[in-house]
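Architecture at a glance
Spelled out from the first residue to the last, the chains are:
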Amino acid sequence: MPRLRLPADQRRTEIMAAAGDLFIRYGFEGVSSGMIAEKVGTSRPNIYSYFHNTEAILEALLDEKLAAIKPDLEALVVPGEPMDFKALFTVLGQHRDLLLLLSCGGSAELRERREAFDDAMIGGMAQALGSQRLADFPTLLPLVSGLLRGVIYETVVRERPSAAPQEVAEHLNAFIRGGVQAITSRKDD
């Protein structure tokens, strides 16, 4: 039976969804246009009529998913207020595919996009910590951001928490607040 001819925007969406699943499963470098075509049930030339290569598909996926998460992350950042890690983990869990795609490999330009996403999250955290506090204690940002990256990677991306992600986030809130307080109280030491 011949394959149903879809409108261009639907076919493009279908290609992106199939490619996203494959990138997450096999990594960017492990996916060919032939694999994507096979998963969609079309030909490689048809894939190329929508995207000039697999990197263009990954770029389109990242554009779409970064645009979707941006308002959710912006809503979490209140300058001068502590970061609500429980809410952050909820948002990141809802956008797990983005984190997986950001971790799937790719070119230098795609690595720059990952770093830009990290920088945006760190910028939000810097706003939450407060500029004066960061000026007084410049070690806070790398400590908190490094810890947060590791915990997010383990609990959201790898899904390997020893507890539920929300419980980990609650403990992370207490841990970071306690650590920041301990560091800032040692100002005169």
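Residues numbered from 1 in each chain as written. Predicted model: local features only at pLDDT ≥ 70, side-chain atom pairs only at ≥ 80, totals over all residues. Heavy atoms only, no water.

**Looking at the overall build of the protein chain**
Secondary structure summary: the protein chain contains ten helices and zero strands in total. The secondary structure elements of the protein chain, listed N-terminal to C-terminal, are α-α-α-α-α-α-α-α-α-α. Across its three principal directions, the C-alpha atoms of the protein chain cover 75 × 30 × 25 Å. When burial is assessed residue by residue, the protein chain has 38% of its 189 residues classed as buried. If you sum the accessible surface of the protein chain, you get close to 10800 Å²; carbon and sulfur atoms cover 52% of it. Side chains of the protein chain carry 21 positive and 26 negative charges; the gap between the two charge centres is 5 Å. (Helix = DSSP H or I, 4+ residues; strand = E, 2+ residues; numbered from the N terminus. Buried < 20%, exposed > 50% of the residue type's maximum accessible area, 1.4 Å probe, protein only. Areas by Shrake-Rupley, 256 points an atom, 1.4 Å probe, with all protein chains shown as cover. Lys, Arg positive; Asp, Glu negative; His and termini not counted. Charge placed at Lys NZ, Arg CZ, Asp CG, Glu CD.)

**A look at the packing of aromatic side chains**
Counting across every chain of the model gives one aromatic pair. Ring centres 5.4 Å apart and planes at 45° place the aromatic pair Phe-23 and Phe-28 in the tilted group. Note on accessibility: Phe-23 and Phe-28 belong to one class, buried. (Phe/Tyr/Trp six-rings, centres within 6.5 Å; stacked < 30°, edge-to-face > 60°.)

**Describing the environment of Gln-127**
The topology assignment puts Gln-127 in helix H7 (residues 108–129). For the pair formed by Gln-127 and Ile-57, sequence separation is 70 residues and the distance between their alpha carbons is 33 Å.

**Topic: the nonpolar core**
Phe-23, Ile-36 and Ile-57 are the most contacted members of the largest nonpolar core, which totals 53 residues. Every element with two or more residues in this core is listed here: helix H1 (8–26), helix H2 (33–40), helix H4 (54–76), helix H5 (85–94), helix H6 (96–102), H7, helix H9 (140–157) and helix H10 (165–185). Sort the elements by how many residues they give to this core and H4 lands first, with nine residues. If near-sequence neighbours (up to four positions away) are discounted, Phe-23 is found in contact with Phe-28, Val-31, Ile-36, Thr-54, Ile-57, Leu-58, Leu-61, Leu-101 and Cys-104. (Core = buried A, V, L, I, M, F, W, Y, C linked by side-chain atoms within 4.5 Å. Contact = heavy atoms within 4.5 Å.)

**Quick word on H2**
Of all the residues in H2, the buried ones are Ser-33, Ile-36, Ala-37 and Val-40. Summarising the axial view, the buried residues of H2 lie within an arc of 100°, below the 170-degree limit, and thus occupy one face. For H2, the secondary structure elements touched by its buried residues are H1, helix H3 (44–48) and H4. Phi turns positive one or two residues past the end of H2, at Gly-41, with a value near 85°. (Arc of directions from axis to C-beta.)

**Details of the pattern of salt bridges**
In this structure the tally under the stated criterion is six salt bridges. Arg-11 is the salt-bridge partner of Glu-14, the closest N and O atoms lying 2.4 Å from each other. Taken as a pair, Glu-14 and Arg-11 lie in helix H1 at a separation of three residues, close to a single helical turn. The exposure class of Arg-11 is buried, given its relative accessible area of 6%. Arg-158 is the salt-bridge partner of Glu-154, the closest N and O atoms lying 3.1 Å from each other. Note on Arg-158: relative accessible area 34%, which makes it partly exposed. (Salt bridge = Lys/Arg side-chain N within 4 Å of Asp/Glu carboxyl O.)

**As for the packing of H1 against H2**
It is at 9 Å that the axes of H1 and H2 come closest, and there the two elements cross at 120°. Taken together, H1 and H2 sit at an angle that is classed as oblique. For H1 against H2, the interelement crossing comes out right-handed. Facing H1, whose interface residues are Arg-11, Glu-14, Ile-15, Ala-18, Ala-19, Asp-21, Leu-22, Phe-23 and Tyr-26, H2 presents Met-35, Ile-36, Lys-39 and Val-40. (Axes fitted to C-alpha atoms, helices over the stretch in contact; angles between N-to-C directions. Parallel < 35°, antiparallel > 145°, perpendicular 65-115°, else oblique. Left-handed = near helix turned anticlockwise from the far one by under 90°.)

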